[in-house]
Amino acid sequence: MGWKFKVTFVLLLIASLNIFVGVFNLLPLLPLDGGHIAVVIAERIRAWFARLRGRPDPGLLDYRKLAPVSFSVFLVLVVFGMMLILADIVNPVNIG
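Position labels on residues start from 1 in each chain and follow its written sequence. Local features are withheld for residues below a pLDDT of 70 in this predicted model, meaning they are given only at 70 or higher, and side-chain atom pairs are given and counted only at 80 or more; totals for whole chains, interfaces and linings count all residues. No hydrogens and no water enter the side-chain calculation; it runs on all heavy atoms of the structure.

## Here we look at the side chain of E43
Right, on to step 1. Note on conventions: DSSP H or I runs of at least 4 residues are helices, E runs of at least 2 residues are strands, and numbering of each starts at the N terminus. In this fold, E43 is placed in helix α2 (residues 33-52).
Right, on to step 2. By definition, residues are in contact when any of their heavy atoms lie within 4.5 Å. Not counting the four nearest positions on each side in its chain, E43 is found in contact with G59, L60 and L61.

Below, the structure is given as structure tokens:
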């Protein structure tokens, strides 16, 4: 294979990795950016419902109350990842 193919392959691999990291960062886990976006959206929804009821803005959400939700989403991701790795080891996919 020529050098052009190898360079193209490496560049596409780097681009794919960069896209994966960007999408992974949008997961609604609290340490990631998606978690912060989810908290802001939840605060705005709470404020909107309070405004509809004629009540004052309830203020900011307590991050400590959202930690179990974030941990449960992380746990689900770990369990599914382990199941996929185990399935690949036990019964690998044969191509061809």
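## Concerning the confidence of the model for the protein
Right, on to step 1. Summary statistics for the protein give a mean pLDDT of 89 and a share of 100% for residues scoring 70 or more.
Right, on to step 2. Mean pLDDT in the protein bottoms out at helix α3 (residues 63-90), which sits at 89, and peaks at helix α1 (residues 3-25), which reaches 93. Confidence scores per residue from the predictor, reported as pLDDT, run from 0 to 100.

## Remarks on α1
Right, on to step 1. For α1, spanning 23 residues, the distance from its first C-alpha to its last is 33 Å, which sits close to the expected 33 Å at 1.5 Å a residue.
Right, on to step 2. Burial status follows relative accessibility: with a 1.4 Å probe on protein chains alone, a residue under 20% of its type maximum counts as buried, one over 50% as exposed, and anything between as partly exposed. When you tally the buried positions in α1, you get zero out of 23 residues, a small fraction of the element. Any helix carries an expected span of 1.5 Å times its number of residues minus one.

## Focus: the side chain of S70
Right, on to step 1. As for its position among the elements, S70 is in helix α3.
Right, on to step 2. In contact with S70, not counting residues within four places along its chain, are L29, L30 and P31.

## Notes on α2
Right, on to step 1. Spanning 20 residues, α2 covers 29 Å between terminal C-alpha atoms, matching the ideal 28 Å at 1.5 Å per step.
Right, on to step 2. For α2, every residue scored as buried is listed here: G34, G35, V39, E43, A47 and A50.
Right, on to step 3. Residues of α2 that are buried in the fold lie against α1 and α3.
Right, on to step 4. At the C-terminal side of α2, G54 shows a positive phi close to 80°.

## As for the packing of aromatic side chains
Two measures describe an aromatic ring pair: the distance that separates the ring centres and the angle between the ring planes.
Right, on to step 1. Any Phe, Tyr or Trp ring, taking Trp's six-membered ring, that has another such ring centre within 6.5 Å forms a pair; planes under 30 degrees apart are called stacked, those over 60 apart edge-to-face, and the others tilted. In the structure shown here, the tally under the stated rule is two aromatic pairs.
Right, on to step 2. Between F20 and F24, the aromatic rings sit 6.0 Å apart at their centres with planes inclined by 25°, giving stacked as the arrangement. Taken together, the positions of F20 and F24, both in helix α1 and four residues apart, correspond to about one turn of that helix.
Right, on to step 3. Using a relative accessible area of 53% as the deciding quantity, one classes F20 as exposed.
Right, on to step 4. Seen from their ring centres, W48 and F49 are 5.0 Å apart, and the 55° between their planes marks the pair as tilted.
Right, on to step 5. We classify W48 as partly exposed; its relative accessible area is 42%.

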